[in-house]
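# Structural characterization, general
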Amino acid sequence: MASGEQATGAAASRLIDQRIVDLGDWRGETLARMRALILEADPEMIEEWKWMGTPVWSHDGIVCTGESYKKVVKLTFIKGAHVPDPKGLFNSSLEGNTRRAIDIQEGEKVDARAFKALVKAAVALNGPAKKKR
């Protein structure tokens, strides 16, 4: 499957696994650690692969994306501006009305409990899936 294709479920999980391996450095380790926390926070989370090779985690809508850059791993919460963040984990994309992101630099640790609370709050904000009539 080419990186430009979209995938959901097991196929997306395999692509995310491969991205982690391909990164081969602290960014892969960080992405793997944050992915594990996302899946621990919500075992019903669906993994997706979108937008030219971006890992996406969804539950009744997109919760967050995981991108890797040279100096940061960026986790963007689609409705982050509306998610309570009492521990101040959001440190990027703070100026918008919708998204918020967490930029993680090499060697930086993220409070696991606070991060899982953010994921749970983002899932709750998405609400239950709308039923088709």
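Preceding this paragraph is the structure being described.
Residues numbered from 1 in each chain as written. Predicted model: local features only at pLDDT ≥ 70, side-chain atom pairs only at ≥ 80, totals over all residues. Heavy atoms only, no water.

Glancing now at the overall build of the protein. What the protein contains, in helices and strands, is three helices and six strands. In the protein, the order of α-helices and β-strands from amino to carboxyl end is β-α-α-β-β-β-β-β-α. The C-alpha atoms of the protein give a radius of gyration of 14 Å, which matches the 14 Å a tight globule of 133 residues would have. Expressed as lengths along the three principal axes of its C-alpha atoms, the size of the protein is roughly 40 × 40 × 25 Å. (Helix = DSSP H or I, 4+ residues; strand = E, 2+ residues; numbered from the N terminus. Rg over C-alpha atoms; globule rule 2.2 N^0.38 Å.)

Time to look at helix α3 (residues 112-126). End to end, α3 covers 21 Å across 15 residues, agreeing with the expected 21 Å (1.5 Å per residue, within 8%). Listing the buried residues of α3 in full gives Ala114, Phe115, Leu118, Val119, Ala122, Val123 and Asn126. In this structure, the buried residues of α3 make contact with α2 (26-41), β4 (62-68), β5 (72-77) and β6 (100-105). For α3, the side-chain oxygen to backbone nitrogen distance between the N-cap and Arg113 is 3.0 Å, and the N-cap itself is Asp111. Count one or two residues on from α3 and you reach Gly127, which has phi positive near 75 degrees. (Expected span 1.5 Å × (residues − 1). Buried < 20%, exposed > 50% of the residue type's maximum accessible area, 1.4 Å probe, protein only. Contact = heavy atoms within 4.5 Å. Polar contact = N/O pair within 3.5 Å; in protein donor to acceptor, adjacent residues only side chain to side chain.)

In terms of burial, strand β2 (residues 46-50) is a largely internal element, four of the five residues being buried. Across five bridges, β2 lies against strand β3 (residues 54-58) in antiparallel orientation. Paired with Trp49 across the bridge in β3 is Pro55. In this antiparallel pair of consecutive strands, β2 and β3, the connection spans three residues, and Trp51 shows a positive phi of 45 degrees. (Pairing = 2+ DSSP bridges.)

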